[in-house]
Structures are given as structure tokens and as C-alpha cells.
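# Architecture at a glance
As a plain string of letters, each chain reads:
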Amino acid sequence: MVRKILWTSLCILMGTAGADITPDLNAGRKKSETCVACHNTDGNSTVPTWPKIAGQPEKYLIEQLKEFRKGEKGGRFEANMYGMTHALSDQDIADLATYFASQKETSGTTKQEWLERGEKLYRGGNSKTGVPACGPSCHGMRGEGNPPAGFPPLSGQHPDYIAEQLKRFKDGTRSNDPNGIMRDIAKRMTEEEIQAVSNYVSGLH
Ligand code: HEC
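First, a word on scope: everything that follows refers to the structure included in this document. Predicted model, so just to flag it, every value in this text is computed and none were measured.

### Re the coordination of the iron atom of the ligand
Within the first shell, the iron atom of the ligand binds the protein through His39 (NE2) and Met81 (SD), at distances of 2.0 to 2.2 Å. For the iron atom of the ligand, the six donor atoms in the first shell make angles of 86 to 179 degrees at the metal, so the coordination geometry reads as octahedral. Within this pair, whereas His39 is found in helix H3 (residues 36–39), its partner Met81 is found in helix H5 (residues 79–85), the two being separated by 42 residues in sequence. According to the relative accessible area criterion, Met81 is buried, its value standing at 16%.

Shown next as C-alpha cells:
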């Protein structure tokens, strides 16, 4: 009985929390003007250290923007993105996320030298060190991610950026991964495995 009342109140609370924010695509397009210097108009950055954000799941984009907004108190501090997000409202974040999620990500390529090593790790993991496969269950057969779960696509993303994020998960400077899942995986990976899988998945599609 008590439990039932608790659940009911929780659902009502969650319902109202989402109800006052309706993402507005056109407002998001307008607000994205401040992002283009680094991420480009359609979210397909051409600079390897700035991620492509086109076509990423809305849920993932919202989570990342809210985390950047927390600044040094959060699990993903980065000075550029803290500067860009600290004054954003939840409505701004929802609008921006819906806009960038509606864009199409451009594809990448994999250099021959990374193909075999990268594919082996991406599809099979490393049973000796306990690294699980990246796909299909979490990041997809083709690196397309898992939008309902909020797991980002990796296909098309800049290899240098993916490798940098894996290193940050590995040393714990990025800690906004649910249940520490990425920190646990990345700390088992060697530098070489990080390079191989980042380069492989970038060209996978
Ligand atoms: C001065 C350059 C710059 C500007 C302007 C900028 N960003 Fe970024 N953005 C970055 C960098 C650098 C990162 C990578 C941060 C990291 O390493 O954690 C990033 C990361 C992100 C990510 C995380 C992507 C992922 O794969 O996890 C999102 C989402 C994002 N930016 C959205 C935005 C939005 C929305 C705006 C405009 C309001 C914006 N950015 C403006 C430089 C910029």
C-alpha cells in the first residue's frame, strides 16, 4: 500500500518535471548560433578535438550539457563547455538538444592499419583483461549507439576525440558515466587498444 502510494507520487512528480518543458526545434536552431564556431552549423565539427554532435540522441545531449553546466562540481568539467553552458536554462538545453539530434552526422573512415585490431576489440573485447565488446549491445553493430538508453553513437566521431574521452574515463577525470561503466572498462584498456578501437569505430557505418 505504502509502496503503491510512493510510486504513484513519483510518477506524478516525474510527469510534471517533464511537462513544463517542450523542446522547440526552431528556437534550438537559433540558439545554436553560439555553438557553430566549434561544432559547425549542423553539428559536424571538422576539427578533431571538437566532437561532432549532429545526430546524437537527445537524451545523451541533454545529460552532457547539464553535466558541463555544473562546472568543476560535475562529472565532466571542460572549460570551453562550462563557459558555453553555465548560463543556459533547462529550456535552452532541451531546444539545443532537439536541434542537434535532428541533424545528420557525417561519416568517417578507418585507416587500414587499425582495421583488424580495432574490429577484434570492438566486437570481441579482451577476455584476458575483462574488456567487454563495445557492440552490439551498447554502441551498436555499426557504432550507431543506443538512443533510448542514451548511449552515444561512435560511428563518424573523430578518433582523437574518442581516444581522449577514453583516457579521461580511464583516469577518472570524466565521471558522468552511469554506474561507472565506462570508467571500469577504460581502466582495463591499454593505450594501444584505445587508439585501435577509436580509429576503427570512427569509420564504422
Ligand atoms: C570554443 C569551442 C566550443 C563552443 C563554442 C562550443 N563547444 Fe561544445 N564542445 C567543445 C569541446 C572542446 C568539447 C569536448 C569537451 C570534452 O572534452 O569533454 C565539446 C563537447 C560538447 C558536447 C559533448 C559531446 C559528446 O560527444 O559527448 C556537446 C553536447 C556540446 N559540446 C554541445 C555544445 C553546444 C550545444 C554549444 C553551443 C551552446 C557548444 N557545444 C559550443 C567546444 C565548444
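### Regarding helix H7 (residues 112–124)
Its 13 residues place the ends of H7 19 Å apart at the C-alpha level, agreeing with the 18 Å of an ideal helix rising 1.5 Å per residue. At Gly118, H7 shows its largest bend, some 30 degrees. Considered for burial, the residues of H7 that qualify are Trp114, Gly118, Leu121 and Tyr122. For H7, the secondary structure elements touched by its buried residues are helix H10 (191–203). In the segment just after H7, Gly125 is the residue with positive phi, at about 65 degrees.

### Here we look at the packing of aromatic side chains
Overall, the coordinates contain three aromatic pairs when judged by the stated rule. An angle of 50 degrees between the planes, with centres 6.2 Å apart, marks the rings of Phe77 and Tyr82 as tilted.

### Some words on the pattern of salt bridges
Two side chains carrying opposite charge are able to pair once their charged atoms lie near each other. Taken as a whole and judged by the stated rule, the model has 13 salt bridges. With a closest N to O distance of 3.3 Å, Lys59 and Glu63 form a salt bridge. A residue pair is termed a helical-turn pair when its members lie 3 or 4 positions apart in one helix, as Lys59 and Glu63 do in helix H4 (residues 58–69) at four residues. Classification of Lys59 as partly exposed rests on a relative accessible area of 39%. Residue class for Glu63 comes out partly exposed when judged on its relative accessible area of 35%. Here Arg188 makes a salt bridge to Asp184, at a shortest N to O gap of 3.4 Å. Salt bridges linked by common partners bring Lys31, Asp92 and Asp95 together as one network.

### Section: the site of the ligand
In the region of the ligand, 23 residues are neighbours, and Cys35, Cys38, His39, Tyr60 and Met81 sit closest. Note that an oxygen atom of the ligand is positioned 2.5 Å from one of the side-chain N or O atoms of Tyr60. Arg168 is positioned with one of its side-chain polar atoms (N or O) 2.8 Å from an oxygen atom of the ligand. Breaking the shell around the ligand down by element, the ones donating at least two residues are H3, H4, H5, helix H6 (90–101) and helix H8 (159–171). In terms of residue count, H4 provides more of the shell around the ligand than any other element does, five residues in total. Classifying every residue of the shell around the ligand by side-chain character gives 14 nonpolar, six polar and three charged.

### Some points on H8
With 13 residues, H8 ought to run about 18 Å at 1.5 Å a step, and its terminal C-alpha atoms sit 19 Å apart, in line with that. Buried residues of H8: Tyr161, Ile162, Ala163, Gln165, Leu166 and Phe169, and no others. Looking at the buried residues of H8, the elements they touch are helix H9 (181–186) and H10. The positive-phi residue at the C-terminal boundary of H8 is Gly172, with phi of around 80 degrees.

Conventions we followed
Within each chain, residue numbers correspond to sequence positions counted from 1 in written order. Residue-level local features of this predicted model are given only where pLDDT is at least 70; pairs of side-chain atoms are given and counted only at 80 or more, and the full residue set underlies all totals for whole chains, interfaces and linings. Hydrogens and water are ignored here; the side-chain numbers use all heavy atoms of the structure. Donor atoms: N, O and S within 2.8 Å of the metal, or within 3.2 Å for Na, K and Ca. Because water is excluded, sites can look incomplete. Labels for metal geometry use angle windows, namely 85 to 135 degrees for all angles of a four-donor tetrahedral site, and for square planar (four donors) or octahedral (six donors) sites opposite donors over 155 degrees apart plus all others within 65 to 115; sites meeting none of these are irregular. The secondary structure listing takes helices from DSSP runs of H or I that are at least 4 residues long and strands from runs of E that are at least 2 residues long, numbered from the N terminus. Relative accessibility thresholds used throughout: buried, under 20% of the residue-type maximum; exposed, over 50%; partly exposed, between the two (1.4 Å probe, protein chains only). Expected helix span is given by 1.5 Å per residue-to-residue step, counting one fewer step than there are residues. Two axes enter the definition of the bend at a residue: one is fitted to the seven residues ending there, the other to the seven starting there, and the bend is the angle between them. Contact definition: two residues touch when any of their heavy atoms are within 4.5 Å. Here a pair means two rings of Phe, Tyr or Trp (six-membered ring of Trp) with centres within 6.5 Å. Their orientation is stacked below 30 degrees between planes, edge-to-face above 60, and tilted elsewhere. Within this document, salt bridges are pairs made up of a side-chain nitrogen of Lys or Arg and a carboxyl oxygen of Asp or Glu, the two lying within 4 Å of each other. Definition of nearness: a residue and a molecule or strand are near each other if at least one heavy atom of the residue lies within 4 Å of the molecule or strand. Identification of polar contacts relies on pairs of N or O atoms within 3.5 Å, with a donor-acceptor requirement for protein atoms, meaning one able to donate a hydrogen and the other able to accept it, and with residues adjacent in sequence counted only if both atoms are side-chain atoms. In this count, Pro and Cys sit with the nonpolar residues alongside Ala, Val, Leu, Ile, Met, Phe, Trp and Tyr, while Asp, Glu, Lys and Arg are called charged and the others, Gly among them, polar.

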